[in-house]
Number of protein chains: 2
Amino acid sequence: MADLKRRNTRQKDAVRHALGEAIGFVSAQQLHLVLKNHGSTIGLATVYRALADLAEAGEADPLQSKDGELLYRACTTSHHHHLICRACGKTVEIEADRVEKWADEVASEHGFTQPSHTIDIFGTCSACQ
Amino acid sequence: MADLKRRNTRQKDAVRHALGEAIGFVSAQQLHLVLKNHGSTIGLATVYRALADLAEAGEADPLQSKDGELLYRACTTSHHHHLICRACGKTVEIEADRVEKWADEVASEHGFTQPSHTIDIFGTCSACQ
DNA sequence: AGGCTTATTGAGAACGATTGTCAATAACTG
DNA sequence: CAGTTATTGACAATCGTTCTCAATAAGCCT
Ligand SMILES: [Zn+2]
Ligand SMILES: [Zn+2]
Ligand SMILES: [Zn+2]
Ligand SMILES: [Zn+2]
C-alpha cells in the first residue's frame, strides 16, 4: 500500500479545465468529445481516470444519473448538495446545516454509525419553463 | 399510445414474492439467481422487466447503487426515504415531512418548479459494528 | 542539459449490467 | 374451446466503464 507519487500532466489539467467550463453535470464521454473537438488527442480512458482522481481529491462532485451514467461537476470543496434543472442541467449549490444534522440524527436514532448521505433536488428552472 | 392490457403471470408473481423475501435492496441478477436456485426457469430479461413494472406501479423502490447497479426493494406506497446499512443492506424506511418541505422550498426559492428529490442515508447498523 | 526511474498515457480488448430481437408460449376474451 | 396478443426466454447487441500493455514523459538526481 505504499502511496504512489502523483504527477501533474497536461491531460489532467485539460480535463480539469474542460470540467470548469461545463454548464452543469457532464459525463466522461461528453468531456472527451469536447476535448477532441478542441484538437486534443487525449484518450477516453484518461478522461475517466482524471475525473475519478479529481473526485477523490474533492475537486469534482460525482452524481449517478437516472440512467446509470456517472456525471461530474467542478465544485467547491466544502460539503454541499445540488439543485439541478432536469431540462438544461443548470445547477445550484445548496448548503443546509439543518438537513445535515437531521440526516445524522436519523442515523444515530436507529443505531447506525459513520453516517453519510445522498441528497439531490431536481426541478425545472425558470428559463426552461 | 394505445395503452396495452397487462396480464398477470406466474413469473411476475414470483419476482414480486422473491422481492418481498429479500433483506434489503437487491439487483435483478441476484433475484434471478435466487429464483433459479428455487427451481424456477424464469429468464433474466423477464426479471428485469418485472422489476421495472413493479417500480412503475409503485410496488418497488429503485436505488442507484454506488457502483452503477440498479437495486430494488419492496416498499410501502407512500413517499419515503431509506436509511441503509453499507455492510449488510438492512434498510429502514424514513418519513420526514420537514425535509420534504425543505426540499420543495429550496426549489421554489430558486425559481425551480415541479420539484422532486433523492434522499438516502447510509451508515453501519448496530449489528455490523 | 542528460539520464534514470516509474507514473501516466492511449488504443484496443475485455467486462458487466441492461436492453433489444423474435419465435414460442400462455393469459385473457367471448 | 378457439383466437388474439401480451408475455416469455434464449440469445445477440448495446453501452458505460475498466483492464492490459507497450510507449511516453514527469520528476529527480547528477
Ligand atoms: Zn434549466
Ligand atoms: Zn449533506
Ligand atoms: Zn447491517
Ligand atoms: Zn422525500
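Keep in mind it's a predicted model, so treat the numbers as computed, not measured. Within each chain, residue numbers correspond to sequence positions counted from 1 in written order. For naming, the first written chain is A and the first written ligand is 1, with later ones following in the order written. pLDDT decides what is reported in this predicted model: residues at 70 or higher carry local features, side-chain atom pairs at 80 or more are listed and counted, and totals for whole chains, interfaces and linings draw on all residues regardless. The basis for the side-chain values is all heavy atoms of the structure; hydrogens and waters are excluded.

## Some remarks on the protein's contact with DNA strand C
Right, on to step 1. What makes a residue near a molecule or strand is one non-hydrogen atom of that residue sitting within 4 Å of it. As a matter of local geometry, DNA strand C sits amid 20 residues, with A:Thr46, A:Arg49, B:Arg10, B:Tyr48 and B:Leu70 nearest to it.
Right, on to step 2. Sugar plus phosphate: this is where 67% of the atoms of DNA strand C within 4 Å of the protein reside.
Right, on to step 3. In the model, a sugar or linking oxygen of DNA strand C is placed 2.9 Å from a nitrogen or oxygen of the A:Gln11 side chain.
Right, on to step 4. Polar contacts, as counted here, are pairs of nitrogen or oxygen atoms within 3.5 Å of one another; within protein the pair requires one atom able to donate a hydrogen and one able to accept it, and residues that are adjacent in sequence qualify only if both atoms are side-chain atoms. Between a phosphate oxygen of DNA strand C and a main-chain N or O atom of B:Asn8, the distance comes to 3.0 Å.
Right, on to step 5. In this text, helices come from DSSP runs of H or I with a minimum length of four residues, and strands from runs of E with a minimum of two, each type numbered from the N-terminal end. Those elements that provide at least two residues to the surface near DNA strand C are α3 (44–56) of chain A together with α3 (44–56) of chain B.
Right, on to step 6. When residues in the surface near DNA strand C are grouped by element, the largest group, 3 residues, is from α3(B).

## Focus on the protein's contact with DNA strand D
Right, on to step 1. Taken together, 21 residues lie near DNA strand D, and A:Tyr48, A:Leu70, B:Thr9, B:Gln11 and B:Arg49 sit nearest.
Right, on to step 2. Protein-proximal atoms of DNA strand D, defined as those within 4 Å of the protein, fall in sugar or phosphate at a share of 70%.
Right, on to step 3. One of the side-chain nitrogen or oxygen atoms of A:Tyr48 is found 2.6 Å away from a phosphate oxygen of DNA strand D.
Right, on to step 4. For DNA strand D, a sugar or linking oxygen lies 2.9 Å from a polar atom in the side chain of B:Gln11.

## Comments concerning the sheet that holds strand β3 (residues 70–74) of chain B
Residue and element names in this part refer to chain B.
Right, on to step 1. When DSSP finds two or more bridges between a pair of strands, those strands are recorded as paired. A sheet is described by the order of its strands in space; here 3 strands give the open sequence β1-β3-β2, paired in antiparallel fashion. What marks the edges here is a single partner per strand, and that holds for β1 (26–27) and β2 (60–64).
Right, on to step 2. The strands that helix α1 (residues 10–21) touches are β1, β2 and β3; relative to β3, the one it contacts most, it runs at about 85°. Throughout, a contact is declared for two residues whenever any of their heavy atoms are within 4.5 Å. Only the stretch in contact is used when fitting a helix axis, every axis being a line fitted to C-alpha atoms; angles between N-to-C directions are given from 0 to 180 degrees.

## Some thoughts on the domain arrangement of chain A
Residue and element names in this part refer to chain A.
Right, on to step 1. An automatic or database domain assignment supplies the start and end points of every domain. For chain A, the assigned domains read domain 1 (2–74) and domain 2 (81–123).
Right, on to step 2. For domain 1 versus domain 2, the separation of C-alpha centres amounts to 24 Å.
Right, on to step 3. If you look at the interface, domain 1 gives 6 residues, while domain 2 gives 6 residues.
Right, on to step 4. Two parts placed together each lose some accessible area under a 1.4 Å probe, and the buried area is that loss summed for both. Both sides together, the interface formed by domain 1 and domain 2 hides about 530 Å², and carbon and sulfur atoms give 58% of it.

## A closer look at the pairing of strand β3 (residues 70–74) of chain A
Here is the key point about a regular strand: its side chains alternate between the two faces of the sheet.
Residues and elements named next belong to chain A.
Right, on to step 1. Inspection of the sheet shows strand β1 (residues 26–27) paired to β3 by 2 bridges, in the antiparallel sense. Looking at β3, one finds that Ser-27 is bridged to Leu-71.
Right, on to step 2. Note that strand β2 (residues 60–64) and β3 share 5 bridges and pair antiparallel. What sits directly across from Gln-64, in β3, is Leu-70.
Right, on to step 3. The antiparallel pairing of β2 with β3 creates a hairpin that spans 5 residues between the two strands, and Gly-68 there sits at a positive phi of about 80°.

## A few points about the coordination of the zinc ion (ligand 4)
Tetrahedral metal sites with four donors have an ideal angle of 109.5 degrees; octahedral sites with six donors have ideal angles of 90 or 180 degrees.
All names here are of chain B.
Right, on to step 1. Note on donors: an N, O or S atom is included if it sits within 2.8 Å of the metal, or within 3.2 Å for Na, K and Ca, and water is never included, so sites can look incomplete. Those donors, His-79 (NE2), His-81 (NE2), Glu-100 (OE), Glu-100 (OE) and His-117 (NE2), are the protein atoms that reach the zinc ion (ligand 4), and they lie 1.9 to 2.3 Å from it.
Right, on to step 2. Between consecutive donors of the zinc ion (ligand 4), the numbers of intervening residues give the motif H-x1-H-x18-E-x16-H. Placement of the pair is Glu-100 in helix α4 (residues 97–109) and His-117 in strand β6 (residues 113–124), with a sequence separation of 17 residues. The exposure classification of Glu-100 matches that of His-117, with both residues buried. Whether a residue is buried, partly exposed or exposed follows from its accessible area with a 1.4 Å probe, protein chains only, as a fraction of its type maximum: under 20%, in between, or over 50%, in that order.

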